[in-house]
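Structural characterization, general
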Amino acid sequence: GESVGLHLPTLSVQEGDNSIINCAYSNSASDYFIWYKQESGKGPQFIIDIRSNMDKRQGQRVTVLLNKTVKHLSLQIAATQPGDSAVYFCAEKLGNQFYFGTGTSLTVIP
Amino acid sequence: DTAVSQTPKYLVTQMGNDKSIKCEQNLGHDTMYWYKQDSKKFLKIMFSYNNKELIINETVPNRFSPKSPDKAHLNLHINSLELGDSAVYFCASSQILSSEQYFGPGTRLTVT
């Protein structure tokens, strides 16, 4: 199977600070990399994706960076809010298959 | 309207039983998936299915079988339930080749 891993299982940040969640992947053939947010008791929710031929993509308050040289993916959340508290997953897409990492639990401290 | 729905939300059953979890999507997507999330939050794909192709994760026991009566539904049947099957099962859907999946709310299966 594929291996998608996260460097930190938990992350705590002060409200208003920026958050950075990191992820390592193993398969260079993946065509997309995706970030999902999962709140307690809910299913994962798509945040943002990045195609494998890009190195940066920005959304609303979020930026994803892709470094193919070291097979590293990061999600930056600007001005973190209490509503951002959740588990964040990176995933890689190979054809029609998706492989998820273990997740990072983000806690926002008011 | 809920985009991807699953029933039941909770399922408690005994070892050896056979059970089904239903999934429906009203997004007009052509590909549906089943995932298993264990107690450590690890999400693992079990199946992906569209009207042309079923892709089965080779690590999934053959006690698990997806059944799709039509494009909007993908049900999960589980035979001879085991303790290790206890987990949260998520259904998801997407347009084929899209990286954006929509997940259902999950079904928490507890096998006693």
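Anyway, here's the lowdown on the structure attached to this text. (Residues numbered from 1 in each chain as written. Chains lettered and ligands numbered in written order. Predicted model: local features only at pLDDT ≥ 70, side-chain atom pairs only at ≥ 80, totals over all residues. Heavy atoms only, no water.)

On to the sheet that holds strand β1 (residues 4–7) of chain B, then. Strand pairs in the sheet, formed through backbone hydrogen bonds, run parallel or antiparallel to each other. Residues and elements named next belong to chain B. Taking strand neighbours across the sheet as the criterion, the four strands line up as β1-β3-β8-β7 in an open arrangement whose pairing is antiparallel. Because the sheet does not close on itself, it has two edges, and the strands there are β1 and β7 (64–70). Each strand of the sheet is rotated relative to its neighbour by a mean of 20°, with strand direction disregarded. By the bridge criterion, five bridges tie β7 to strand β8 (residues 73–78) in an arrangement that is antiparallel. Paired with Phe 64 across the strands is Ile 78, a residue of β8. (Pairing = 2+ DSSP bridges. Helix = DSSP H or I, 4+ residues; strand = E, 2+ residues; numbered from the N terminus. Axes fitted to C-alpha atoms, helices over the stretch in contact; angles between N-to-C directions.)

Applying the stated criterion to the full structure yields twelve aromatic pairs over all chains. Each ring, one from Phe100(A) and one from Tyr35(B), has its centre 5.4 Å from the other, and the planes form 85°; the classification is edge-to-face. A residue pair is termed interchain when its members come from two chains, as with Phe100(A) in strand β10 (residues 97–100) and Tyr35(B) in strand β4 (residues 31–37). In this structure, Phe100(A) and Tyr35(B) share a single accessibility class: buried. Among the aromatic residues, those joined into a cluster by ring pairs are Tyr36(A), Phe46(A), Phe89(A), Phe98(A), Phe100(A), Tyr33(B), Tyr35(B), Phe90(B) and Phe103(B). (Phe/Tyr/Trp six-rings, centres within 6.5 Å; stacked < 30°, edge-to-face > 60°. Buried < 20%, exposed > 50% of the residue type's maximum accessible area, 1.4 Å probe, protein only.)

Tallying the contact residues gives 18 residues for chain A and 22 residues for chain B. Where chain A abuts chain B, roughly 1700 Å² becomes buried across the two surfaces, and 54% of that area is made up of carbon and sulfur atoms. Our count for the contact surface shared by chain A and chain B stands at zero salt bridges. Taken together, chain A and chain B are joined by five residue pairs in polar contact (both at pLDDT 80 or more). For the side of chain A that touches chain B, the secondary structure elements donating two or more residues are β4 (32–38), β5 (45–51), β9 (86–94) and β10 of chain A. Take the side of chain A that touches chain B: its biggest share by element is four residues, from β4(A). Classifying every residue of the side of chain A that touches chain B by side-chain character gives eight nonpolar, seven polar and three charged. (Contact = heavy atoms within 4.5 Å. Buried area = accessible area lost by both parts, 1.4 Å probe. Salt bridge = Lys/Arg side-chain N within 4 Å of Asp/Glu carboxyl O. Polar contact = N/O pair within 3.5 Å; in protein donor to acceptor, adjacent residues only side chain to side chain. Nonpolar A, V, L, I, M, F, W, Y, C, P; charged D, E, K, R; others polar.)

Just geometry here; none of it tells us what the structure is for.
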